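Chain residues, written in single-letter form:
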Amino acid sequence: MPAASDIMEDITLRLENDATLSFRGRLFSEAVWNDEESGVFTHQKLYVTEQNEQIYFIRKGGYRRSSRAYRLSLHGGRCVIYNGRNTMELPLDLLMLAVRTLCGADDPMMLEQVEEALRSAGC
């Protein structure tokens, strides 16, 4: 019998941009935390679809509630990102550069781990 995390199911996420993101997939991981200083509660989920795409879902509560999702898929050396309304496509190398820049990552070992994680996103 497969583990619960291996079972694919139909999932529909309702987003703040008045879109819905529907897919067949499974929950891969999730994290929940509360920032006591700002009073913002954050719940993040990472799903994997039957087509080996990743859906990153972020829900925040507090003064300004938000609910966003991003579908990421890799096609060769390109990454396609979809938020339920708009699609953006960019070279994977450019995405890795953006992540390095935003993280302020100067440590070569950390950069290697980030690059490996991004490349394995299509597993």
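Take the confidence of the model for the protein chain next. Looking at the protein chain, pLDDT values average 81 and 76% of them are 70 or higher. Ranking the elements of the protein chain by mean pLDDT puts helix α2 (residues 108-119) last with 61 and strand β1 (residues 9-14) first with 94.

Next up on the list: the packing of aromatic side chains. All chains considered together, the criterion is met by one aromatic pair. Ring centres 5.4 Å apart and planes at 65° place the aromatic pair F23 and Y47 in the edge-to-face group. Placement of the pair is F23 in strand β2 (residues 20-35) and Y47 in strand β3 (residues 40-49), with a sequence separation of 24 residues. Given the relative accessible area of 7%, F23 is considered buried.

Below, the discussion takes up the environment of E9. By secondary structure assignment, the location of E9 is in strand β1. Note: C-alpha distance between E9 and R24 (15 residues apart in sequence) is 5.3 Å.

Calculation criteria
- Residues numbered from 1 in each chain as written.
- Predicted model: local features only at pLDDT ≥ 70, side-chain atom pairs only at ≥ 80, totals over all residues.
- Heavy atoms only, no water.
- pLDDT = per-residue confidence, 0-100.
- Helix = DSSP H or I, 4+ residues; strand = E, 2+ residues; numbered from the N terminus.
- Phe/Tyr/Trp six-rings, centres within 6.5 Å; stacked < 30°, edge-to-face > 60°.
- Buried < 20%, exposed > 50% of the residue type's maximum accessible area, 1.4 Å probe, protein only.

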